[in-house]
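Here is what each chain is made of, one letter per residue.
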Amino acid sequence: MAEKQISLPAKLINGGIAGIIGVTCVFPIDLTKTRLQNQRNGQQIYKSIWDCLGKTIRSEGYFGMYRGAAVNLTLVTPEKAIKLAANDFFRHRLSQDGKKLTLVKEMLAGCGAGTCQVIITTPMEMLKIQLQDAGRLASCQKAPTGIQILSPSPKHLNVIPVLSRAYNVGPALMPQKLSATQIASGLLRTEGVRGLYKGLGATVLRDVPFSMIYFPLFSNLNKLGMSTPDGKAPFLHSFFAGCIAGSTAAVAVNPCDVIKTRLQSLHKGANEEMYSGIIDCARKIWIKEGPSAFLKGSGCRALVIAPLFGIAQVVYFLGVGEAVVEFAQFSSLTSQ
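With an unreviewed UniProt entry as reference, the protein is termed Mitochondrial glutamate carrier 1, source organism Eleutherodactylus coqui. As its UniProt record puts it under Function (unreviewed entry), the protein is described as follows: "Mitochondrial glutamate/H(+) symporter. Responsible for the transport of glutamate from the cytosol into the mitochondrial matrix with the concomitant import of a proton. Plays a role in the control of glucose-stimulated insulin secretion." Of the protein, the UniProt comment under Sequence similarities (unreviewed entry) reads exactly: "Belongs to the mitochondrial carrier (TC 2.A.29) family."

K.L.:
Just to check I follow, could you spell out the environment of Ser 95 for this structure?
P.N.:
With respect to the secondary-structure elements, Ser 95 resides in the loop between α3 (69–94) and α4 (103–140). Residue classification places Ser 95 among the partly exposed residues on the basis of a relative accessible area of 26%. Between the alpha carbons of Ser 95 and Lys 105 there is a distance of 8.5 Å; along the sequence they are 10 residues apart. Separated by 3.2 Å, the side chain of Ser 95 and the backbone oxygen of His 92 make a polar contact.

K.L.:
How should I be thinking about the packing of helix α8 (residues 200–223) against helix α9 (residues 235–252) in this particular structure?
P.N.:
Between two packed helices, what matters for the description is the angle formed by their axes and the separation of those axes. The interhelical angle for the contact between α8 and α9, taken along N-to-C directions, is 155 degrees, at an axis separation of 8 Å. Compared by their axis directions, α8 and α9 come out roughly antiparallel. Note that α8 runs across α9; the crossing there is right-handed. Each of Phe 210, Ile 213, Tyr 214, Leu 217, Phe 218, Leu 221 and Asn 222 in α8 lies in contact with α9, whose residues at this interface are His 237, Ser 238, Ala 241, Gly 242, Ile 244, Ala 245, Gly 246, Thr 248, Ala 249, Ala 250 and Ala 252. Taken together, the residues that form the contact of α8 with α9 break down as 12 nonpolar, six polar and no charged.

K.L.:
How should a nonpolar patch on the surface be read in this particular structure?
P.N.:
Residues Phe 235, Leu 236, Phe 240, Ile 244, Leu 318, Val 320 and Val 324 make up a contiguous nonpolar surface patch of about 640 Å² in total accessible area. Counting residues per element, the ones that place at least two in the nonpolar patch are α9 and α13 (320–334). Here the nonpolar patch gets four residues from one element, more than from any other, and that element is α9. When you line up the elements, Leu 318 lands in helix α12 (residues 298–318). Leu 318 gets classed as exposed once you look at its relative accessible area, which sits at 51%.

K.L.:
Hey, could you run me through the pattern of salt bridges in this one?
P.N.:
As a working rule, side chains carrying opposite charge can pair if their charged atoms are close by. Summed over the entire model, instances satisfying the criterion amount to 19 salt bridges. Across the pair Lys 128 and Glu 125 runs a salt bridge, and its minimum N-O distance is 3.1 Å. Highlighted residues: Lys 128 and Glu 125, both in helix α4, separated by three residues, approximately one helical turn. The residues Lys 128 and Glu 125 share a single accessibility class, namely buried. Here Arg 136 ties to Asp 133 by a salt bridge, and the two come within 2.7 Å at their closest N and O atoms. Note that Arg 136 and Asp 133 are positioned in helix α4 at a spacing of three residues, about one turn of the helix.

K.L.:
Help me understand the side chain of Thr 56 in this model?
P.N.:
As for its placement among the helices and strands, Thr 56 is situated in helix α2 (residues 49–60). Residue Thr 56 is classed as buried on the basis of its relative accessible area of 1%. Residue contacts for Thr 56: discarding those within four places in its chain leaves Leu 31, Arg 35, Gly 61, Gly 64 and Met 65.

K.L.:
Mind showing me how you'd approach the packing of aromatic side chains here?
P.N.:
To describe a pair of aromatic rings, you give the distance between the ring centres and the angle between the ring planes. As enumerated under the stated definition, the model contains nine aromatic pairs in all. Between the aromatic rings of Tyr 214 and Phe 218, the centroid separation amounts to 6.1 Å while the plane-to-plane angle is 15 degrees, which identifies the pairing as stacked. Note that Tyr 214 and Phe 218 are positioned in helix α8 at a spacing of four residues, about one turn of the helix. Both residues of the pair, Tyr 214 and Phe 218, count as buried. Residues Phe 239 and Phe 240 carry aromatic rings whose centres are separated by 5.4 Å and whose planes lie at 80 degrees to one another, so their mutual orientation is edge-to-face. By relative accessible area, which is 48% here, Phe 240 ends up partly exposed. Three or more aromatic residues link up through ring pairs in this structure, and these residues are Phe 27, Tyr 62, Phe 63 and Tyr 66.

K.L.:
Whenever I open this one, the confidence of the model for the protein confuses me. Can you help?
P.N.:
A low pLDDT means the predicted coordinates there should not be read in detail. Residues at a pLDDT of 70 or more form 85% of the protein, whose mean pLDDT is 80. Ranking the elements of the protein by mean pLDDT puts helix α5 (residues 161–167) last, at 40, and helix α10 (residues 254–264) first, at 94. For the stretch residues 143–175, pLDDT sits under 50, and the model shows 69 contacts to residues farther than four places along the chain or on other chains.

What counts, and where the lines are drawn
Residues numbered from 1 in each chain as written. Predicted model: local features only at pLDDT ≥ 70, side-chain atom pairs only at ≥ 80, totals over all residues. Heavy atoms only, no water. UniProt positions renumbered as here; feature names shortened; annotations may be inferred. Helix = DSSP H or I, 4+ residues; strand = E, 2+ residues; numbered from the N terminus. Buried < 20%, exposed > 50% of the residue type's maximum accessible area, 1.4 Å probe, protein only. Polar contact = N/O pair within 3.5 Å; in protein donor to acceptor, adjacent residues only side chain to side chain. Axes fitted to C-alpha atoms, helices over the stretch in contact; angles between N-to-C directions. Parallel < 35°, antiparallel > 145°, perpendicular 65-115°, else oblique. Left-handed = near helix turned anticlockwise from the far one by under 90°. Contact = heavy atoms within 4.5 Å. Nonpolar A, V, L, I, M, F, W, Y, C, P; charged D, E, K, R; others polar. Patch = residues over 30% accessible without salt bridge, like charges linked within 9 Å, V, L, I, M, F, W, Y side chains within 5 Å. Areas by Shrake-Rupley, 256 points an atom, 1.4 Å probe, with all protein chains shown as cover. Salt bridge = Lys/Arg side-chain N within 4 Å of Asp/Glu carboxyl O. Phe/Tyr/Trp six-rings, centres within 6.5 Å; stacked < 30°, edge-to-face > 60°. pLDDT = per-residue confidence, 0-100.

Encoded structure:
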């Protein structure tokens, strides 16, 4: 059986285009997920997905729903490119004997893809979460009458100067808006590169199982729509296969996503505890909020991941990247 050569540039282009389109479509729901996951019992500002979206629009405007989108759009191209290309690469390497991939090998390929992507995912999520959660923190500082209450005690805060000015200090009712660049530079000054990789362990625990579930499930669902083993599934079939596989994997790893979000949130509202690590975070959530807290934002996460990966797989399997590479090669030949 002849080996099918992988065009890495084409895969990178496909992943980047898919990531940008997908993130643009679902980012408001992703912001809602972050805010719902960071809520504690007794301090709930948002009652549901739609309540959070409605309050965000009323208090922060339409563009308030896209807080943190810039950093996500900037880094989603390499993140999705690495994830999709790595999975394709590992599947290709594991199938060089010409035999059909077993479920174990498909899961190993997904594991490799999930491990590779955390290089980009961790700092991207770290910066995005600070921007997404700023509106919730601002609401926590307001009394029911609309007057701001006193800033929370320093013992509840992991103080980083550049961030403290934005969220927890000063008499202004609305916090000073910070960019991802300002947050990143503040973290680099105070904690070095390690500051951008806070929550790395939790990110690995989320992304590796996600990829191990998602890629094999998508591959097998997508095969159901292929008329021949070497053919392509119809457009809609690939889309829905990506949606089903993505939402299933997202809900399955949601407890790890809740832990990751809590660990990567540098600032807390009044009486919101700090965590020393993954085990400490999981234990405190279980004791103080109950097992159901690990499913916070799972509906949002399913709504985010389903279309995100549905779009990704459609772009990926339509071969947009291959067309771009072929056009570039053709232009290069004709210009000689």
